[in-house]
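Given next are the chains, with one letter for each unit.
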Protein chains: 2
Amino acid sequence: MKISEVAQRVELPISTIRYYEKMGIITDEYILREQNNYRNYSSEILDYLQVVKNCLAVGFTINDIKSMISLKGISKEEQARIIKEKIAEIEAAQKNLENAKQTLYGLLQTDITCENGFGKYDRTVS
Amino acid sequence: MKISEVAQRVELPISTIRYYEKMGIITDEYILREQNNYRNYSSEILDYLQVVKNCLAVGFTINDIKSMISLKGISKEEQARIIKEKIAEIEAAQKNLENAKQTLYGLLQTDITCENGFGKYDRTVS
DNA sequence: GTAAACTATGAAGTATACTTTATAGCAAGA
DNA sequence: TCTTGCTATAAAGTATACTTCATAGTTTAC
């Protein structure tokens, strides 16, 4: 499928898809070039880009994703190590999310305008 | 307490703390200025900055945080609406995290080097 | 067959979140 | 006192993730 279809289906701008390729997180494996030089993507790009979107949405960088892609070239032990590291990062992010969420729930239940985490006013100085 | 103590306790660079103030997410409520013009922070800054860190870590922007701070000026209904919106965003992020985590667990269990989400090779073209 | 729409590339521009630099005043210990 | 270290500000610089622009070839609809 052509780039515009990919863009529409994964809900990313065309420019972003080309950018991801330039950055190395969309590899040749997903792309054939036609006679006219147009990119022709395999359908697997759709699931792949969804994973990429998830990863970026939760704070991983493009370089993080590149390191995950490049797992292909290294030893199983090293692969496992990197993956476990990433999982630990995700779990840390999950804790942060839960904290942030509880903070917001706290805001809902208290009087936001004076006494709570965001905007609390207290001149006590230590 | 002075800026260096805050920096150390919340584990943020001094420059970042000054930057947050400049961006408006650390307000005067947390700061007194001494005769020498040094900032003197109230102890509440510590919890507050932890919340800020959590929010930033999970994808909220400084402007998002500003909008949460500014809840003080608006109606309860509007406050509740904004907070619920933010909670919804967090829950979306939580789903993304869980997806990303499952993807990584999948990587751990499969043969990473050939058949999986990152780096799958399939020339099928639609 | 021609205009509108889609594709391509490289380079420059933008937004966000910081960090660093340059310069200078204030403070605490030897 | 003097040196080392902490504080201050403004402005410039950096990293990341894109987006836009300029230019040009290709395809499709009429």
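Everything quoted here is computed from the prediction, not taken from an experiment.

Trainee: I tried to follow the protein's contact with DNA strand C on my own but got confused; where do I start?
Mentor: Neighbouring residues of DNA strand C: 19 residues in total, closest S4, R18 and R39 of chain A together with T16 and N36 of chain B. Of everything in DNA strand C that lies within 4 Å of the protein, sugar and phosphate atoms constitute 77%. For DNA strand C, a phosphate oxygen lies 2.8 Å from a polar atom in the side chain of S4 of chain A. Y38 of chain A places a polar side-chain atom, nitrogen or oxygen, 3.2 Å from a base oxygen of DNA strand C. Secondary-structure elements contributing two or more residues to the surface near DNA strand C are α1 (3-10) and α2 (14-23) of chain A together with α2 (14-23) of chain B. Its residues placed into classes, the surface near DNA strand C shows nine nonpolar, six polar and four charged.

Trainee: I'm lost on unusual backbone geometry in this one. Help?
Mentor: Most peptide bonds adopt trans geometry, and most residues besides glycine take a negative phi value. All names here are of chain B. At E11, a position not held by glycine, the phi torsion is positive, near 55°. Relative to the elements of secondary structure, E11 occurs in the loop between α1 (3-10) and α2. A positive phi angle, near 80°, is found at N37, a position not held by glycine. Tracing the sequence through the fold places N37 in the loop between β1 (31-33) and β2 (39-41).

Trainee: Can you help me understand the protein's contact with DNA strand D in this one?
Mentor: If you check the shell around DNA strand D, you find 19 residues, and the closest are T16 and N36 of chain A together with S4, R18 and R39 of chain B. Near the protein, within 4 Å, the atoms of DNA strand D are sugar or phosphate in 78% of cases. A distance of 2.3 Å is found between a phosphate oxygen of DNA strand D and a side-chain nitrogen or oxygen belonging to T16 of chain A. With respect to DNA strand D, the side chain of Y38 of chain B contributes an N or O atom lying 3.3 Å from a base oxygen. Considering each element in turn, the surface near DNA strand D owes the most residues, four residues, to α2 of chain A. Within the surface near DNA strand D, the residues separate by chemical class into nine nonpolar, six polar and four charged.

Trainee: What exactly am I supposed to notice about the packing of α1 of chain A against helix α3 (residues 44-57) of chain A here?
Mentor: Each packed pair of helices is defined by two parameters, the angle between the axes and the distance between the axes. Residue and element names in this part refer to chain A. The geometry of α1 relative to α3 is characterised by a closest axis approach of 10 Å and an angle of 50° between their N-to-C directions. By the angle between their axes, α1 is oblique relative to α3. Crossing geometry of α1 relative to α3 is assigned as right-handed. On α3, the residues touching V6, R9 and V10 of α1 are I45, L46, L49 and K53. By residue class, the composition of the contact of α1 with α3 is five nonpolar, no polar and two charged.

Thresholds applied
Residues numbered from 1 in each chain as written. Chains lettered and ligands numbered in written order. Predicted model: local features only at pLDDT ≥ 70, side-chain atom pairs only at ≥ 80, totals over all residues. Heavy atoms only, no water. Near = heavy atom within 4 Å. Polar contact = N/O pair within 3.5 Å; in protein donor to acceptor, adjacent residues only side chain to side chain. Helix = DSSP H or I, 4+ residues; strand = E, 2+ residues; numbered from the N terminus. Nonpolar A, V, L, I, M, F, W, Y, C, P; charged D, E, K, R; others polar. Axes fitted to C-alpha atoms, helices over the stretch in contact; angles between N-to-C directions. Parallel < 35°, antiparallel > 145°, perpendicular 65-115°, else oblique. Left-handed = near helix turned anticlockwise from the far one by under 90°. Contact = heavy atoms within 4.5 Å.

Interpretation note: all reported values are geometric properties and have no functional meaning in isolation.
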